[in-house]
Amino acid sequence: MAYVIAEPCVGTKDTACVDACPVDCIHPKKDEPAFETSELLYIDPVECIDCGACVPVCPVSAIFALDDLPEKWAEYTAKNAAFYGQ
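Position labels on residues start from 1 in each chain and follow its written sequence. Whole-chain, interface and lining totals are the exception, using all residues; otherwise, since this is a predicted model, local features are given only for residues with pLDDT of at least 70 and side-chain atom pairs are given and counted only at 80 or more. The basis for every side-chain value is the complete set of heavy atoms in the structure, and neither hydrogens nor water enter the calculation.

*Asks:* Give me the lowdown on the environment of F35, citing residues and values where you can.
*Replies:* By definition, any uninterrupted DSSP run of H or I lasting at least four residues is a helix, any uninterrupted run of E lasting at least two residues is a strand, and each is numbered from the N terminus. Position of F35 among the secondary structure elements: in helix α2 (residues 34-37). We call two residues in contact when some of their heavy atoms are within 4.5 Å. For F35, the residues in contact, after removing those within four places along its chain, are K13, T15, P28, K29, K30 and L41.

Below, the structure is given as structure tokens:
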């Protein structure tokens, strides 16, 4: 997995990262049924191309390269993958 969305996104779900992603790998989008019930947005670990376009547009600094993910948010790696059934 190239990038992970972590705790700062919880409750925020700002979709600037969705718009910035060139491969459409961040979900749920505002028009998807899961948007209302999801606590945060998720990056598909298979589809992500490791471009980093989502990182600078995140207003709450919730997106991290896997190697840079703070240990206190390590469980978000599994949460992102689980959203996509992986």
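*Asks:* Go over empty space enclosed by the protein with me, naming the residues and quoting the values.
*Replies:* Using a 1 Å grid laid over the protein atoms alone, points where a 1.4 Å probe fits but cannot get out form a cavity; open sets with protein on both sides within 12 Å along at least 5 of 7 lines form a pocket; any residue with an atom within 4 Å of a point counts as lining. Grid points are joined across faces, edges and corners, and a volume is the space filled by probe spheres set on the points. Using the criterion set out here, one finds two cavities of 30 Å³ or more in the structure. Size it by volume and the largest cavity reaches roughly 70 Å³. For the largest cavity, the lining is made up of 13 residues, of which C21, C25, C48, C51 and C54 are closest to its centre. Here the lining of the largest cavity is built from residues that sort into 12 nonpolar, one polar and no charged. Each pocket or cavity is described by its volume, and for the second largest cavity that value is around 60 Å³. Every residue lining the second largest cavity is listed: I5, C9, T12, D14, C17, C58, P59, V60, A62 and I63. All amino acids are sorted into three groups, where Ala, Val, Leu, Ile, Met, Phe, Trp, Tyr, Cys and Pro are nonpolar, Asp, Glu, Lys and Arg are charged, and the leftover types, Gly among them, are polar. When its residues are assigned to classes, the lining of the second largest cavity shows eight nonpolar, one polar and one charged.

*Asks:* Break down the packing of aromatic side chains for me, with residues and values.
*Replies:* Each aromatic ring pair is characterised by the separation of its centres together with the angle its planes make. Aromatic rings from Phe, Tyr and Trp, with only the six-membered ring used for Trp, were paired whenever their centres fell within 6.5 Å, and each pair was classed as stacked if the ring planes differed by under 30 degrees, edge-to-face if by over 60, and tilted otherwise. For the structure shown, the criterion picks out three aromatic pairs. Centre to centre, the rings of Y42 and F83 are 4.4 Å apart; their planes meet at 10 degrees, and the pair counts as stacked. Placement of Y42 in strand β3 (residues 42-43) and of F83 in helix α3 (residues 75-83) is noted, with a sequence separation of 41 residues between them. Residue burial is assigned from relative accessible area. The probe radius is 1.4 Å, only protein chains are included, and a residue is buried under 20% of its type maximum, exposed over 50%, and partly exposed in between. Residue Y42 is classed as buried on the basis of its relative accessible area of 9%. Looking at F83, the relative accessible area reads 32%, which means it is partly exposed. Both rings, one in F64 and one in W73, keep their centres 5.7 Å apart while their planes meet at 50 degrees; by these two values the pair is tilted. W73 shares its class with F64; the two are buried. Clustering of aromatic rings is evident, with ring pairs tying together Y42, F83 and Y84. For a lysine, the NZ atom is tested; for an arginine, the CZ atom; a charge sits over a ring if that atom is within 6 Å of the ring centre and within 35 degrees of the ring normal. Here K72 stacks its cationic end above the ring of W73, 4.7 Å away from the centre of that ring.

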